[in-house]
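Tertiary structure, described
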Amino acid sequence: MSFRCIALVALALSIVSPPAVHAQDGPVRQELKRVDLDGVPGMEVVTSITEYKPGDLLPAHFHHGVESLYVVQGAMVQLPGKDPMMLPTGAAVTNLRGVTHGGFRIVGDTSLKLLTVHIVDKDRPLYDTPPK
């Protein structure tokens, strides 16, 4: 994957925009495993598969820890007011603690499938919405 493509993916996932709905778990995320982070009290590791269908919105949100994701199936995504762009299969992205990302809609006819690993505070929600 070229540097330009990686930069576009990072930009798409890090744009700060107001969410249309609160970033909460829904039927799109299937949690595969949740375990305590060994040696680090109060932290846990959560592994999930998430599928966003065409027309779905991935609201702007942040995490109370680190999110690492792998694009299992790429799809066209569109940020508000921007042209659609491809989020390609095979892209790997890391979102740092407290950094707002998302805020785009899945467009076209292909679902976006992500494998995510979150290393987050155990006593906080997995997703949170940015302050307005």
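The structure we're discussing is the one just above.
Residues numbered from 1 in each chain as written. Predicted model: local features only at pLDDT ≥ 70, side-chain atom pairs only at ≥ 80, totals over all residues. Heavy atoms only, no water.

Looking now at the sheet that holds strand 9 (residues 112-121). The antiparallel open sheet is built from five strands, whose spatial order is 1-2-9-4-7. Sheet topology places strand 1 (29-36) and strand 7 (92-95) at the edges, where each strand pairs with a single neighbour. Each neighbouring strand pair of the sheet contributes to a mean axis angle of 15 degrees, computed without reference to strand direction. Examined bridge by bridge, strand 4 (residues 65-73) and strand 7 share four bridges and lie antiparallel to one another. Residue pairing in the sheet places Y70 in a bridge with A92 of strand 7. (Pairing = 2+ DSSP bridges. Helix = DSSP H or I, 4+ residues; strand = E, 2+ residues; numbered from the N terminus. Axes fitted to C-alpha atoms, helices over the stretch in contact; angles between N-to-C directions.)

Right, let's get into the nonpolar core. Nonpolar side chains tend to gather and get buried jointly when the protein is soluble and globular. Of all hydrophobic cores here, the largest spans 15 residues; its most connected members are V71, V77, F104, I106 and L112. Put simply, the parts of the chain that give this core at least two residues each are strand 4, strand 5 (75-78), strand 6 (85-87), strand 8 (104-107) and strand 9. (Core = buried A, V, L, I, M, F, W, Y, C linked by side-chain atoms within 4.5 Å. Buried < 20%, exposed > 50% of the residue type's maximum accessible area, 1.4 Å probe, protein only.)

A sheet is described by the order of its strands in space; here four strands give the open sequence 3-8-5-6, paired in antiparallel fashion. On the outer flanks of this sheet lie strand 3 (57-58) and strand 6, each paired with one strand and no other.

Before going further, it helps to spend a moment on the environment of G90. Here G90 lies in the loop between strand 6 and strand 7. Note: C-alpha distance between G90 and Y70 (20 residues apart in sequence) is 6.4 Å.

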